[in-house]
Amino acid sequence: MSSKASLAPEWRVQKWFNAKKPIQLSDLRGKVVVLHTFQMLCPGCVMYGLPQAQKIHNMFPKKDVAVIGLHTVFEHHDAMTPTALEAFIHEYRFSFPIGVDEPGESNGVPYTMRTYGMRGTPSLVLVDREGYVRKHGFGREDDMALGAEIATLLNLPTETHASTSANSAEANTGCDDSECAV
């Protein structure tokens, strides 16, 4: 990523769970947004990413931090349907809003995943109160470090778009215990 923060692009969601109405990123200005993308059959997402997103949702005040899950399916399309996702969300008791990323062309990489340049799941994007991407991570995130990054963003003065951080995980394909790569 560049040394300057970039304005976060709007996501495209075809269906929402745990939300009374569709959520646009622009509706969340004034809050730090934690965008967690996942696939319900990704081991790293189920073991680390989703529980972490739930912890963040439970820990930080809703008036200051919005946690958004995005089911972004790039493999096993027939198994990871919105109906299966609904049961998954219920069984694991996730209470933060979760959207289904708009599918890509010919079962390819979904819209938001492609727009953000995500390499796989889990991916985590931190967006500051003004709508700028401040972190773009891939794979397992350390709870303490992520909590500190969120707290830092909560305390930033406005119009501070200096540097962003990005994980430098090596290119990978397939799934292991911590991530599933495109």
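Residues numbered from 1 in each chain as written. Predicted model: local features only at pLDDT ≥ 70, side-chain atom pairs only at ≥ 80, totals over all residues. Heavy atoms only, no water.

## Things to note about empty space enclosed by the protein
Definition in use: The way it works is a 1 Å grid over only the protein atoms, where trapped points that fit a 1.4 Å probe form a cavity and open points with protein on both sides within 12 Å along at least five of seven lines form a pocket, and then any residue with an atom within 4 Å of a point lines it. Grid points are joined across faces, edges and corners, and a volume is the space filled by probe spheres set on the points. By definition, any uninterrupted DSSP run of H or I lasting at least four residues is a helix, any uninterrupted run of E lasting at least two residues is a strand, and each is numbered from the N terminus. Under the scheme applied, nonpolar residues are Ala, Val, Leu, Ile, Met, Phe, Trp, Tyr, Cys and Pro; charged residues are Asp, Glu, Lys and Arg; polar residues are all the others, including Gly.
Tallied over the entire structure, the rule returns two cavities of 30 Å³ or more. Of the voids in this model, the second largest cavity is the one considered here, and its volume is about 50 Å³. Contributing to the lining of the second largest cavity are H36, Y48, G49, Q52, P122, S123, L124, G139, R140 and E141. Among the secondary structure elements, those contributing two or more residues to the lining of the second largest cavity are helix 1 (43–59) and strand 6 (123–127). Examining the composition of the lining of the second largest cavity, we find that three residues originate from one element, helix 1, more than from any other. Among the residues forming the lining of the second largest cavity, the class breakdown is three nonpolar, five polar and two charged.

## Some remarks on the confidence of the model for the protein chain
To be explicit about the condition: pLDDT measures the predictor's confidence residue by residue and takes values from 0 up to 100. Working rule for contacts: check all heavy atoms of both residues, and any pair within 4.5 Å makes them a contact.
When pLDDT is averaged along the protein chain, the result is 87, and 84% of the positions lie at 70 or above. Below pLDDT 50 for its whole length, residues 161–172 participates in 38 contacts with residues either more than four positions away or in separate chains.

## So, the environment of I150
The test is simple: Using a 1.4 Å probe on the protein chains alone, a residue whose accessible area is under 20% of its type maximum counts as buried, one over 50% counts as exposed, and one in between counts as partly exposed.
Along the chain, I150 turns up in helix 4 (residues 143–154). Of the residues examined, I150 reaches a relative accessible area of 0% and is grouped as buried. Once the C-alpha coordinates of I150 and V32 are considered, the two residues, 118 residues apart in sequence, prove to be 7.3 Å apart. Apart from residues no more than four positions distant in its own chain, I150 is found in contact with V32, V34, I56, F60, V65 and L126.

## Brief notes about helix 2 (residues 82–92)
Given 3.6 residues per turn, any residue in an α-helix points the same way as the ones three and four places further on. What counts is decided by this rule: Of all possible arcs, the one meant is that of the directions from the helix axis to the C-beta atoms.
Among the residues making up helix 2, those that are buried are L85, F88 and I89. End-on view of helix 2: buried residues confined to an arc of 100°, all on one side of the axis. Facing away from the buried side of helix 2, by more than 90 degrees, are the exposed residues T83, H90 and E91. Positive backbone phi, approximately 60°, marks R93, located one or two places after helix 2.

## Re the layout of surface pockets
Each pocket or cavity is described by its volume, and for the largest pocket that value is around 290 Å³. Here the lining of the largest pocket is built from residues that sort into nine nonpolar, one polar and five charged.

## As for the nonpolar core
Let me state the cut-off plainly: Joining through side-chain atoms within 4.5 Å is the link that ties buried Ala, Val, Leu, Ile, Met, Phe, Trp, Tyr and Cys residues into a set, and such a set is a nonpolar core.
Counting residues in hydrophobic clusters, the biggest one holds 47 residues, and the most contacted among them are W11, V65, L85, Y116 and I150. Residue contacts for W11: discarding those within four places in its chain leaves W16, I23, Q24, L25, L28, V33, L35, I68, T112 and Y116.

## Things to note about the side chain of H36
Note that H36 resides in strand 2 (residues 32–38). With a relative accessible area of 3%, H36 lands in the buried category. In this view, H36 contacts G49, L50, A53, I68, G69, L70, P122 and S123; residues no more than four positions away in its chain are not counted.

## A closer look at the pattern of salt bridges
Put simply, the rule reads: Whenever a carboxyl oxygen of Asp or Glu lies within 4 Å of a side-chain nitrogen of Lys or Arg, that contact is scored as a salt bridge.
Applying the stated criterion to the full structure yields seven salt bridges. A salt bridge links E102 to R12; its shortest N-O distance comes to 3.1 Å. Of this pair, E102 sits in the loop between strand 4 (98–101) and helix 3 (111–116) while R12 sits in the segment before strand 1 (13–17); the two residues are 90 residues apart in sequence, bridging distant segments of the chain. On the accessibility criterion, E102 (30% relative accessible area) is partly exposed. Of the residues examined, R12 reaches a relative accessible area of 39% and is grouped as partly exposed. The salt bridge partner of K135 is E149, with a shortest N-O separation of 3.4 Å. Here the residue K135 occupies a position in strand 7 (residues 133–138), and E149 occupies one in helix 4, the gap between them amounting to 14 residues. Given a relative accessible area of 5%, K135 falls into the buried group. For E149, a relative accessible area of 25% puts it in the partly exposed group.

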